Amino acid sequence: MRPDTPAEHIAEAERLIRTATRYPEDQEPLLLQAAAHLELGDARERASTLYDQLLADAPANPHLIKALQAANLWEYGHEAEARALISGIRAAAPTDPAPWEVIAEALEAHDELEAAHECFTEAATLLTSEDTPLTRATAALLTGRHRVRRLLGLPHDEWDMVADTRHSGPIPLDELHDPKRIWALGSDDPAELRAEIARLRAELGDRRAALSRPFPVAILHWPQRELSELVASYPTLAAEYPSHAAHLAATEASLRALAASGTTNLGIVTGSVPSYEAFAASEKTSPASPSLLAEYATTLAARGKATPWPPTPTTPCWCTSGKPYAECHGDASGS
């Protein structure tokens with residue numbers, strides 16, 4: 001179950017910090033997840049300490065960490081330091097969309113709409129072109145830019161039209177980003193308030209899920225040799241995995257069911273018996289316990305070991321058959 005209360009977020013952060021000490025090679029993604037939970041648990045000073053620790057260790061993603069640090073610092077009163085970090089990131093012009101989105105949204109959250117618009121536009125100019133297909137991350141930049149332009153009362157431009165085209169939600173972007181919606185929040189009409197709550201849920205559902213689940217919802221996949229060894233060593237797990245073919249089918253079915261329910265940020269993590277046994281020992285739990293499997297998958301995902309699902313149709317299938325996904329488990333017939 002995902003953490004929902006500040007205390008649960010703090011507890012999850014503590015667990016991730018402990019895990020980072022056991023897996024130093026995966027320290028950066030684990031501590032980033034821990035810092036996210038600390039922020040959600042309103043322990044922002046502790047989160048800031050983790051960001052500083054990461055920056056001191058020559059991280060792989062320094063611009064993203066600085067962006068997260070800036071957004072966090074601004075939230076608990078360190079505006080000048082946050083602004084300095086944001087200026088440094090803009091000057092560095094990273095080619096990763098994530099830090100741009102974080103700092104632009106930080107500016108937007110503090111009513112710096114002109115600066116937020118400039119930031120989104122700088123990022124879009126740098127990272128999008130006619131020859132480069134939009135990714136989910138770069139499309140998110142255009143969506144954020146669209147939102148800020150609506151707040152500023154600016155007319156649609158070509159990028160706004162692209163954002164409209166890429167938007168797949170049930171409520172059009174123009175309606176989601178309508179500044180007049182803010183007025184509805186002060187209405188005394190229950191019907192207006194209910195309608196606005198529905199619109200807000202449509203807009204913020206994915207973002208809330210991402211905050212409360214800062215790593216992918218991951219399903220555990222066992223290669224055939226590993227699964228055979230696992231079931232031979234721990235027969236109680238045979239009920240979970242009656243056969244390798246059934247396991248592969250169940251994995252794909254679970255992912256499709258999650259996607260159909262609206263869950264985003266899905267992934268697959270691949271298990272191995274030695275890794276699983278080491279995890280069980282660290283948790284002081286028997287590897288034969290079926291309840292440990294989900295926790296093992298979550299920890300692998302938190303360590304950055306998840307492969308996004310679904311693959312593109314021509315990408316080799318996640319099951320390692322060697323076939324393109326569309327011809328293997330991506331086949332709508334389920335064959």
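Up top is the structure these notes are about.
Residues numbered from 1 in each chain as written. Predicted model: local features only at pLDDT ≥ 70, side-chain atom pairs only at ≥ 80, totals over all residues. Heavy atoms only, no water.

(A) Main features of the packing of helix H13 (residues 224-233) against helix H15 (residues 273-282). Between H13 and H15, whose axes approach to 9 Å, the crossing angle comes to 45°. It follows from the interaxial angle that H13 and H15 lie oblique. Residue-level contacts link Glu-226, Glu-229 and Leu-230 of H13 to Val-273, Pro-274 and Tyr-276 of H15. Here the contact of H13 with H15 is composed, by residue class, of four nonpolar, no polar and two charged. (Axes fitted to C-alpha atoms, helices over the stretch in contact; angles between N-to-C directions. Helix = DSSP H or I, 4+ residues; strand = E, 2+ residues; numbered from the N terminus. Parallel < 35°, antiparallel > 145°, perpendicular 65-115°, else oblique. Contact = heavy atoms within 4.5 Å. Nonpolar A, V, L, I, M, F, W, Y, C, P; charged D, E, K, R; others polar.)

(B) Structural detail: the nonpolar core. Among the nonpolar cores identified, the biggest contains 36 residues, and Leu-220, Trp-222, Leu-230 and Tyr-276 are the most heavily contacted of them. Elements supplying a minimum of two residues to this core: helix H1 (6-22), helix H2 (27-40), helix H3 (44-55), strand E1 (217-221), H13, H15 and helix H16 (291-302). The element contributing the most residues to this core is H16, with seven residues. Dropping the residues within four chain positions of it, Trp-222 is found in contact with Leu-227, Leu-230, Tyr-241, His-244, His-247, Gly-271, Ser-272, Val-273, Tyr-276, Leu-293 and Tyr-296. Counting residues in each nonpolar core, the second largest holds 22 residues, with Ile-86, Val-102, Ala-104 and Ala-115 among its members. (Core = buried A, V, L, I, M, F, W, Y, C linked by side-chain atoms within 4.5 Å. Buried < 20%, exposed > 50% of the residue type's maximum accessible area, 1.4 Å probe, protein only.)

(C) Representation of the packing of aromatic side chains. Evaluated as defined, the whole model comprises four aromatic pairs. For the ring pair Trp-222 and Tyr-296, a centre distance of 6.1 Å and an interplane angle of 25° mean the geometry is stacked. Note that Trp-222 is positioned in the loop between E1 and H13 and Tyr-296 in helix H16, a separation of 74 residues in sequence. Of the two residues examined, Trp-222 and Tyr-296, each falls in the buried class. Where Phe-279 meets Tyr-296, the ring centres are 5.7 Å apart and the plane angle is 45°; that geometry is what we call tilted. Of this pair, Phe-279 sits in helix H15 while Tyr-296 sits in helix H16, and the two are 17 residues apart along the sequence. There is no split in this pair, since Phe-279 and Tyr-296 are both buried. Every member of this aromatic cluster is reached through a ring pair, and the members are Trp-222, Tyr-276, Phe-279 and Tyr-296. Over the face of the ring belonging to Tyr-23 we find Arg-303, whose NZ or CZ atom lies 3.7 Å from the ring centre. (Phe/Tyr/Trp six-rings, centres within 6.5 Å; stacked < 30°, edge-to-face > 60°. Lys NZ or Arg CZ within 6 Å of the ring centre and 35° of its normal.)

(D) Fine view of unusual backbone geometry. In the segment running from Trp-309 into Pro-310, the intervening peptide bond is cis, with an omega of 0°. Tracing the chain through its elements places Pro-310 in the segment after strand E3 (307-308). A positive phi angle is found at Ala-58, which is not glycine, with a value near 50°. Within the fold, Ala-58 resides in the loop between H3 and helix H4 (62-75). Residue Ala-58 is classed as exposed on the basis of its relative accessible area of 68%.

(E) Molecular detail of the pattern of salt bridges. Under the defined criterion, the tally for this structure stands at 19 salt bridges. Here Lys-305 ties to Asp-26 by a salt bridge, and the two come within 3.5 Å at their closest N and O atoms. Of this pair, Lys-305 sits in the loop between H16 and E3 while Asp-26 sits in the loop between H1 and H2, and the two are 279 residues apart along the sequence. The buried category is assigned to Asp-26, whose relative accessible area is 5%. One salt bridge connects Glu-118 with Arg-90, and the closest N-O pair in it is separated by 3.5 Å. Remark: Arg-90 occurs in helix H5 (residues 79-92) and Glu-118 occurs in helix H7 (residues 113-127); sequence separation between them is 28 residues. Members of the salt-bridge network, linked through shared partners, are Glu-25, Asp-26, Arg-303 and Lys-305. (Salt bridge = Lys/Arg side-chain N within 4 Å of Asp/Glu carboxyl O.)

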